[in-house]
Amino acid sequence: MNIQWYPGHMTKARRMMQENIKLIDLIVELVDARAPLSSRNPDIDDLGRGKARLILLNKADLASECWNDRWTDWFLRRGFSAVRLDSRNRAGMKSVQNVIREACREKTERDQKRGIKNRPIRAMVVGIPNVGKSTFINSFAGKACAKTGNRPGVTKGAQWIRLNRQVELLDTPGILWPKFDDPEVGIRLAILGSVNDEILNLQELAGRLGSFLQEYFPGSLEERYQTAVPPEPERMLRKIAEVRGCLSRGGEPDVERAASLLLDDFRSGRLGKITLEFPPEGEYDKSRKD
């Protein structure tokens, strides 16, 4: 299953980010805590070379707690500031403000030595489509500043948002990169909802998700659908269709509707706290879910 999605507006968005990077002190990169590495745009590392960096593991409330800890540790050991976050919950925003100040402390001290006082930190908020950038900005600001939606591609242009006297944010559109070198990255992003569903084979995608869940999060499907679920992808979707009443006019299980249902249940967290990928170094036991 080879997934690629790079609509034309993403090229324009990347060019805009390049033009604005000289104005930026800090890059705040949102990743999806359920797939933190796959949801990192590799172009951001080139774009942000020499800039302070903050990784926000967003949607951490939907990911396995033990893997949230391990992924946070993984980023910290590579020199990033890293914070786990549920951007819909304002309770964690104070810690983000503190980390932003700490990440830019050297820059602020240099400004003060030059006699520049009260200049706000300018941060560019970046991330792939549907990772929650606009929701984060609205929660951080405490008001509706950015347009949100539960689908990729809601933010089309950039806008500066003055949060307070200390911080200004540049909201940017969600962008992917032209080619996924690893097909598994494209599959994970599609499962997360960061790729337009209209270009996908949802049955195959849902089958891949179901097989992953049965290997690494056994019991999650049975608990959600209250029945034994066969391991084979097609039989799995037929069983889900039957128990959820997804039937065609002739009474046959509608596997297409079942596929959409399974993906939606995962994306909304109704299958439980699930992490789709694990740190690549091999120092963690993937069989542990605690």
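The coordinates are above.
Residues numbered from 1 in each chain as written. Predicted model: local features only at pLDDT ≥ 70, side-chain atom pairs only at ≥ 80, totals over all residues. Heavy atoms only, no water.

Asks: For this particular structure, what's the right way to read the pattern of salt bridges?
Replies: Between side chains of opposite charge, a pair can form as their charged atoms come close. For the coordinates displayed, the defined rule picks out 27 salt bridges. In this structure, the salt-bridge partner of Glu29 is Arg40, at a minimum N-O distance of 3.1 Å. Here Arg40 lies in the loop between strand 1 (26-32) and helix 2 (43-47) and Glu29 lies in strand 1, a separation of 11 residues in the sequence. For the salt bridge of Asp32 with Arg34, the shortest nitrogen-to-oxygen distance reads 2.9 Å. In this pair, the class of Asp32 matches that of Arg34, namely buried. Linked by salt bridges that have partners in common, Asp25, Lys107, Asp111 and Arg119 make up one network. (Salt bridge = Lys/Arg side-chain N within 4 Å of Asp/Glu carboxyl O. Helix = DSSP H or I, 4+ residues; strand = E, 2+ residues; numbered from the N terminus. Buried < 20%, exposed > 50% of the residue type's maximum accessible area, 1.4 Å probe, protein only.)

Asks: Can you walk me through empty space enclosed by the protein in this structure?
Replies: Sizing a probe to match a water molecule and rolling it over the atoms shows the empty space that remains. Within this structure, the stated rule accounts for 1 cavity of 30 Å³ or more. Within this model, the largest cavity holds a volume of roughly 40 Å³. Around the largest cavity sit Met17, Glu29, Asn41, Ile44, Val126, Gly127, Ile128, Thr172, Pro173 and Ile175, which together line it. For the lining of the largest cavity, the per-class residue count stands at 6 nonpolar, 3 polar and 1 charged. (1 Å grid on protein atoms, 1.4 Å probe; cavity = no way out; pocket = protein on both sides within 12 Å on 5 of 7 lines; lining within 4 Å. Points joined across faces, edges and corners; volume = space filled by probe spheres on them. Nonpolar A, V, L, I, M, F, W, Y, C, P; charged D, E, K, R; others polar.)

Asks: Which parts of the structure should I look at to understand the packing of aromatic side chains?
Replies: Aromatic ring pairs are reported here in terms of the distance separating the ring centres and the angle at which the planes meet. All chains considered together, the criterion is met by 11 aromatic pairs. Geometrically, the ring pair formed by Trp67 and Phe278 is tilted, given 4.6 Å between the ring centres and 50° between the ring planes. Linking Trp67 in helix 3 (residues 65-76) with Phe278 in the segment after helix 11 (255-267), this pair joins segments that are 211 residues apart in sequence. Members of the aromatic cluster, joined through ring pairs, are Trp67, Phe212, Tyr216, Phe217 and Phe278. Above the ring of Trp67, the side-chain terminus of Arg70 is found at 4.6 Å from the ring centroid. Positioned above the aromatic ring of Trp160, the side-chain terminus of Arg122 is 5.4 Å from the ring centre. (Phe/Tyr/Trp six-rings, centres within 6.5 Å; stacked < 30°, edge-to-face > 60°. Lys NZ or Arg CZ within 6 Å of the ring centre and 35° of its normal.)

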